[in-house]
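Residue-level listing of the chains:
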Amino acid sequence: MNKEKVGRFYDVVWTEYLPEYEASEKHWSLFYDPQEIRAKTVLDAGCGTGIFSVIFARNGAARVTGIDISPGSLGTARGLASRFKLKNAEFRREDMLRLPFKDASFDIVWAWGTVHHTTDPLGAIDGLLRLLKPGGSILLAVYKKTKVTFLHEAVRKTLIRTPRWSWTTLSKAMAFFLAPVVFLFKKREKSRKGEKLEELILDWYFVPIRHHYTPDEIRSHLEGKGLKVEKFLPASGRFDSSSNFIFKARKPARSRR
Ligand SMILES: C[S@@+](CC[C@H](N)C(=O)[O-])C[C@H]1O[C@@H](n2cnc3c(N)ncnc32)[C@H](O)[C@@H]1O
């Protein structure tokens, strides 16, 4: 039921946010290049509106499978892939915690900003690792736990109890009061089309499920599964955000799992 709530939430808040192609490709190229992905199979786990699936497909991946729980986002993703006339990208409605693929099906698993929205983020990571071929790589962008996370979570847990119909008004009111603070502390790049502060607030404070981790927690989970961390960024920089950290890690060619 929770995952249905998350799907419905993303049908509303993310479907319209089609991130800009160039800005997203710039972030993607910090981790992959066309040579590394050529002829590879890719799983975009929690693909949302499909921007990264399309970037993999356009840069030479053999086959990209984007999965998500939100039908609205998947519709936008399919539209984006057909706009680019892509034949090597498909989108399916699946729950990340119950993926129906065989073990070792993908060379690359990309999960940007997604596992922390499931009821069991570490279980989701383990499921994604199961799908990775020996020698394959996984990319994870995960919400960072900080000293003030508990405050944000207290606000979010209060706000998600309010009726759905009041969310737009509440997020607009919060945007009105928070705008001067945001202006003082952060000049946001507008890389999500039509992004406004109230939409960011909706995304941040009204999402039904969210978990936060420290980079050390995720690193030791990955290393405990025998993966080798190849790259770590303490902040994503995407949408000018410092709330996510990123790991790119590789499964050993001879897997112990
Ligand atoms: C913050 S959005 C990120 C979308 C995309 N990865 C991007 O970076 O543009 C999180 C996505 O995870 C999806 N999601 C959350 N829980 C999921 C689950 N259990 N199974 C599949 N997708 C899920 C949401 O529907 C949403 O599209």
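For clarity, every value in this text was computed on a predicted model and none was experimentally measured. (Residues numbered from 1 in each chain as written. Predicted model: local features only at pLDDT ≥ 70, side-chain atom pairs only at ≥ 80, totals over all residues. Heavy atoms only, no water.)

## Some words on the site of the ligand
Stage number 1. By nearness alone, 19 residues border the ligand, and G46, D68, D95, M96 and R238 come closest of all.
Stage number 2. At 2.6 Å, a side-chain N or O of D68 approaches an oxygen atom of the ligand.
Stage number 3. Between a nitrogen atom of the ligand and a main-chain N or O atom of M96, the distance comes to 2.8 Å.
Stage number 4. Protein contact buries 97% of the 590 Å² of open area that the ligand shows by itself.
Stage number 5. When grouped by side-chain class, the residues that make up the shell around the ligand number eight nonpolar, seven polar and four charged. (Near = heavy atom within 4 Å. Polar contact = N/O pair within 3.5 Å; in protein donor to acceptor, adjacent residues only side chain to side chain. Areas by Shrake-Rupley, 256 points an atom, 1.4 Å probe, with all protein chains shown as cover. Nonpolar A, V, L, I, M, F, W, Y, C, P; charged D, E, K, R; others polar.)

## Looking at the nonpolar core
Stage number 1. Ranked by size, the top nonpolar core spans 29 residues in total, and within it W28, F31, Y32, F56, W110 and W112 carry the most contacts.
Stage number 2. Of all the elements in the fold, those that place two or more residues in this core are α2 (21-28), α4 (51-58), α5 (71-83), β3 (89-93), β4 (106-112) and β5 (132-143).
Stage number 3. Counting residues per element, this core draws most heavily on α4, which supplies six residues.
Stage number 4. F106, A111, Y213 and L227 belong to the second-largest nonpolar core, a separate cluster that totals 27 residues. (Core = buried A, V, L, I, M, F, W, Y, C linked by side-chain atoms within 4.5 Å. Buried < 20%, exposed > 50% of the residue type's maximum accessible area, 1.4 Å probe, protein only. Helix = DSSP H or I, 4+ residues; strand = E, 2+ residues; numbered from the N terminus.)

## Structural notes on the pairing of β4
Stage number 1. Most of β4 sits inside the fold, with seven of its seven residues counted as buried.
Stage number 2. Alignment of strand β1 (residues 41-45) against β4, held across three bridges, turns out to be parallel. Note that in β4 the partner of L43 across the bridge is V109.
Stage number 3. In this structure, β4 lies alongside β5, joined through six bridges in parallel fashion. Paired with W110 across the bridge in β5 is L139.
Stage number 4. Following the chain from β4 across helix α6 (residues 121-131) to the adjacent parallel β5, one finds a crossover that is right-handed. (Pairing = 2+ DSSP bridges. Right-handed = clockwise from strand over helix to strand, strands pointing away.)

## Focus on a nonpolar patch on the surface
Stage number 1. Judged by side-chain polarity, V148, F150 and L151 come together as a nonpolar surface patch covering roughly 300 Å² of accessible area.
Stage number 2. Structurally, F150 can be placed in helix α7 (residues 149-159).
Stage number 3. The class of F150 is exposed, set by a relative accessible area of 58%. (Patch = residues over 30% accessible without salt bridge, like charges linked within 9 Å, V, L, I, M, F, W, Y side chains within 5 Å. Salt bridge = Lys/Arg side-chain N within 4 Å of Asp/Glu carboxyl O.)

## So, the side chain of T114
Stage number 1. Mapped onto the elements of the fold, T114 is located in the loop between β4 and α6.
Stage number 2. T114 gets classed as buried once you look at its relative accessible area, which sits at 8%.
Stage number 3. For T114, the residues in contact, after removing those within four places along its chain, are A45, G46, M96 and A141. (Contact = heavy atoms within 4.5 Å.)

## Some thoughts on the packing of aromatic side chains
Stage number 1. Tallied over the entire structure, the rule returns 17 aromatic pairs.
Stage number 2. Between W167 and F206 the ring centres are 5.2 Å apart and the planes differ by 50°, which places this aromatic pair in the tilted class. Residue W167 is located in helix α8 (residues 167-185), and its partner F206 is located in the loop between α9 (197-205) and α10 (215-224); the two are separated by 39 residues in the primary sequence.
Stage number 3. The exposure class of F206 is buried, given its relative accessible area of 0%.
Stage number 4. An aromatic cluster is built from W28, F31, Y32, F52, F56, W110 and W112, whose rings are joined through pairwise contacts.
Stage number 5. When the ring centre of W204 is taken as reference, the NZ or CZ atom of R210 above it lies at 3.9 Å.
Stage number 6. Geometry around F232 places R219 over its ring, the cationic atom sitting 5.7 Å from the centre. (Phe/Tyr/Trp six-rings, centres within 6.5 Å; stacked < 30°, edge-to-face > 60°. Lys NZ or Arg CZ within 6 Å of the ring centre and 35° of its normal.)

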